[in-house]
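Descriptive structure summary
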Amino acid sequence: MTAYFNSFKSPLIYSIGDNEWTDCHRILAGGYNPLERLDYIRATQFNSANSFGKAKLKLQRQADVMPSFSTYVENSLWTRGNFLFVNVHIPGSNNNLGRDEESNQEYALRNQANLAWINHAFDLAAEKNMRESFLHSKQIFFTRLKQPMAPIVAIVRPSPPFEIGLKTYRSLFS
């Protein structure tokens, strides 16, 4: 995977999805321990603050700026011109919530980190007077989720404008 990601000419930012770890407990997916898979992905794919690709992009990672969330090396942000881009780890399969107590605990800790990272991004965008900001995750917020967008919408502030790009960007504010 690393070699493939690094074969791209432009910077490539990897956002972890459900097929990489939350679905791994299924027999057809190998019957792996999902948390072991997540640890492996973090250790092998997020061992640098740089993006993938031939042209590297220096990322600001949550783990590097928030010591209390040092585990979350996959949450990152970067700027291009007057735009702020934020990558947050919110995978499918119900965001790893509800399978067992271990997955619920992992979800709760990661969700706390995600919300702190989103708040940090809002503060940074306001401080730098960013014109637009984009929040990206692999997960599309389906209404079938037990906790769809409530934790995120609760902290969304209308200034500056913020878009949530979940496979396709859609505006929360005009």
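To be clear, the structure that these remarks concern was listed above.
What comes next concerns the included structure. All of these numbers come straight from a predicted model, not from anything done at the bench.

Observations concerning the environment of Asp64
Its place among the elements puts Asp64 in helix H3 (residues 62-65). With 15 residues separating them in the primary sequence, Asp64 and Ala49 have C-alpha atoms 8.5 Å apart.

Side note on the pairing of strand S3 (residues 83-87)
With four of five residues buried, S3 lies mostly within the body of the structure. Inspection of the sheet shows strand S2 (residues 76-80) paired to S3 by five bridges, in the antiparallel sense. Bridging from a neighbouring strand, Thr79 pairs with Leu84 of S3. Between the end of S2 and the start of S3, which pair antiparallel, lie two residues, with Gly81 showing a positive phi angle near 60°.

As for the pattern of salt bridges
The final tally for this structure, using the stated rule, is six salt bridges. Taking the shortest distance from any N to any O, the salt bridge between Arg42 and Glu74 comes out at 2.8 Å. Note that Arg42 is positioned in helix H2 (residues 34-45) and Glu74 in the loop between H3 and S2, a separation of 32 residues in sequence. Residue Arg42 is classed as buried on the basis of its relative accessible area, which comes to 10%. Looking at Glu74, the relative accessible area reads 3%, which means it is buried. Residue Arg61 pairs with Asp64 through a salt bridge whose shortest N-O separation is 2.9 Å. We classify Arg61 as buried; its relative accessible area is 10%. Relative accessible area serves as the criterion here: at 48%, Asp64 is assigned to the partly exposed category.

How each quantity is defined
- Residues numbered from 1 in each chain as written.
- Predicted model: local features only at pLDDT ≥ 70, side-chain atom pairs only at ≥ 80, totals over all residues.
- Heavy atoms only, no water.
- Helix = DSSP H or I, 4+ residues; strand = E, 2+ residues; numbered from the N terminus.
- Buried < 20%, exposed > 50% of the residue type's maximum accessible area, 1.4 Å probe, protein only.
- Pairing = 2+ DSSP bridges.
- Salt bridge = Lys/Arg side-chain N within 4 Å of Asp/Glu carboxyl O.

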